[in-house]
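Per-entry structural report
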Amino acid sequence: MAAGGVLVLSGAGLSTESGIPDYRGPSGLARRATPMTYQAFTGSADARRRYWARSYLGWRHIARARPNDGHRAVAELGRRGLLTGIITQNVDGLHQAARPVNGGGTAVTELHGSLHRVICLACGQRTDR
């Protein structure tokens, strides 16, 4: 690790200490709801309305979450130049929020997108939620 070139792969377990339940654990939604696919979202106005209504309720919880010691530890590795990148399944933006203000940052690849940024399907404009 001291030589650098480390890639961090993170998932829901990293954000549970920040109060975000994991998707498959005891309190997760995997057993109660079928995830919205890209095809369903882009193919149906009704599906988008359902998604945004459900997302609106959950967003307030995500928006209050703050990075925990795990996120800060990963950010510190990046600050020290030891990371090649971060790949996360999380959609909460906490890796980015953990970066020091003056520390730049290691690239974060969000496998499932993000809840903190949205894109207009008509024009492609991206904006903070």
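Below, the structure is looked at part by part. These figures come from a predicted structure and were not determined experimentally. (Residues numbered from 1 in each chain as written. Predicted model: local features only at pLDDT ≥ 70, side-chain atom pairs only at ≥ 80, totals over all residues. Heavy atoms only, no water.)

Quick notes on the sheet that holds strand E2 (residues 83-88)
One open sheet accounts for three strands, arranged E1-E2-E3; its pairing is parallel. At either end of the open sheet lies a strand with only one pairing partner, and these are strand E1 (6-10) and strand E3 (108-110). Each strand axis lies, on average, 15° off the axis of its neighbour in the sheet, ignoring direction. Relative to E3, E2 runs parallel, the two being bridged by three bridges. Its bridge partner being in E3, Thr88 is matched across the sheet by Glu110. (Pairing = 2+ DSSP bridges. Helix = DSSP H or I, 4+ residues; strand = E, 2+ residues; numbered from the N terminus. Axes fitted to C-alpha atoms, helices over the stretch in contact; angles between N-to-C directions.)

Overview of the pattern of salt bridges
In the structure shown here, the tally under the stated rule is five salt bridges. A salt bridge links Asp46 to Arg49; the shortest N-O distance between them is 2.3 Å. Linking Asp46 with Arg49, this pair stays in helix H3 (residues 45-64), spanning three residues, or about one helical turn. Looking at Arg49, the relative accessible area reads 53%, which means it is exposed. Note that Glu76 is salt-bridged to Arg79, the shortest N-O span being 2.6 Å. (Salt bridge = Lys/Arg side-chain N within 4 Å of Asp/Glu carboxyl O. Buried < 20%, exposed > 50% of the residue type's maximum accessible area, 1.4 Å probe, protein only.)

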